[in-house]
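Read off the chains here:
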Amino acid sequence: MASILSTKILTRSQRELVLNTGFGLVEYNAINISFTKVSLPKRIENGIFTSQNAVAAIKDKNIEIERVFCVGQNTRKALENLGYNVMLHAEHARALGQKITTQYPEATFTFFCGNKRRDALPELLHKHNINLTEIEVYKTSLNIKEFQRTFNAIMCFSPSGVQSYFGANKPQKETIVCIGNTTATAAKLYTDQIAIANTTSIESVIAKTVKVLNKTF
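Small disclaimer: the values here were computed from a predicted structure and weren't measured. (Residues numbered from 1 in each chain as written. Predicted model: local features only at pLDDT ≥ 70, side-chain atom pairs only at ≥ 80, totals over all residues. Heavy atoms only, no water.)

Draft legend 1. Here's a closer look at the overall build of the protein. Counting secondary structure elements, the protein contains 8 helices and 11 strands. The C-alpha radius of gyration computed for the protein amounts to 18 Å, which stays within 12% of the reference 17 Å derived for 217 residues, consistent with globular compactness. Considering only C-alpha atoms, the protein reaches an extent of 55 × 35 × 30 Å along its principal axes. A total of 217 residues make up the protein; the buried ones form 48% of that total. A sequence separation of at least 24 residues applies to 47% of the contacts in the protein between residues at least 6 apart. Of the accessible surface of the protein, which amounts to about 11,300 Å², a share of 45% is contributed by carbon and sulfur atoms. Treating the 26 positive side-chain charges of the protein as one cloud and the 17 negative ones as another, the clouds have centres 5 Å apart. (Helix = DSSP H or I, 4+ residues; strand = E, 2+ residues; numbered from the N terminus. Rg over C-alpha atoms; globule rule 2.2 N^0.38 Å. Buried < 20%, exposed > 50% of the residue type's maximum accessible area, 1.4 Å probe, protein only. Contact = heavy atoms within 4.5 Å. Areas by Shrake-Rupley, 256 points an atom, 1.4 Å probe, with all protein chains shown as cover. Lys, Arg positive; Asp, Glu negative; His and termini not counted. Charge placed at Lys NZ, Arg CZ, Asp CG, Glu CD.)

Draft legend 2. Local environment of the sheet that holds strand E6 (residues 86–90). On the basis of which strands lie adjacent, the open sheet formed by 6 strands has the order E3-E8-E7-E4-E5-E6 and mixed pairing. Of all the strands in the sheet, just strand E3 (31–35) and E6 have a single pairing partner and so form its edges. Adjacent strand axes in the sheet meet at a mean angle of 25° when their direction is disregarded. In terms of strand pairing, strand E7 (residues 108–114) meets strand E8 (residues 131–142) through 7 bridges, oriented parallel. (Pairing = 2+ DSSP bridges. Axes fitted to C-alpha atoms, helices over the stretch in contact; angles between N-to-C directions.)

Structure follows, in structure tokens:
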């Protein structure tokens, strides 16, 4: 029986998506998230979120944000569940940045991010002289764990998750299924056995993983 390693603890419904296929599943959190104690504004005009962790970090802060811009379907859902008005959404940070530079070139933005945020979005906005303030609202640390077994597929949801897994485990013949291109770029440092989900959601990563394994088993 084929086995899958998830570098993130799944919800019950997500777990069932895997187990209902008959494949084995092992799961753990490859990274740890801690929220940062930082003074936050009570009101901003334009907020940028590229991670669900950033949304969770400001969840109970009662920040009034007039317009929200985000990356990923699940990030968008989390923001809308908090009542925020999502003006622009994209599947990856560079695409969001390109939309912002085209449609809001004169606006001022606040980027709620983590300590390991990628450079693509800030660099693009600065290149177009768009005013951007960054607020670090969470920190990511690696939870490095060695596995004394092999897997047929490993589901990775962030570059940090990739780094964490390969921090103690050597590449085998497994397929690394990535949530997006940025995560895939990180995985390419270790292996060329890579598949990328169709959308930036955990469910899409699961669907891609099942599809990959069904071709083999």
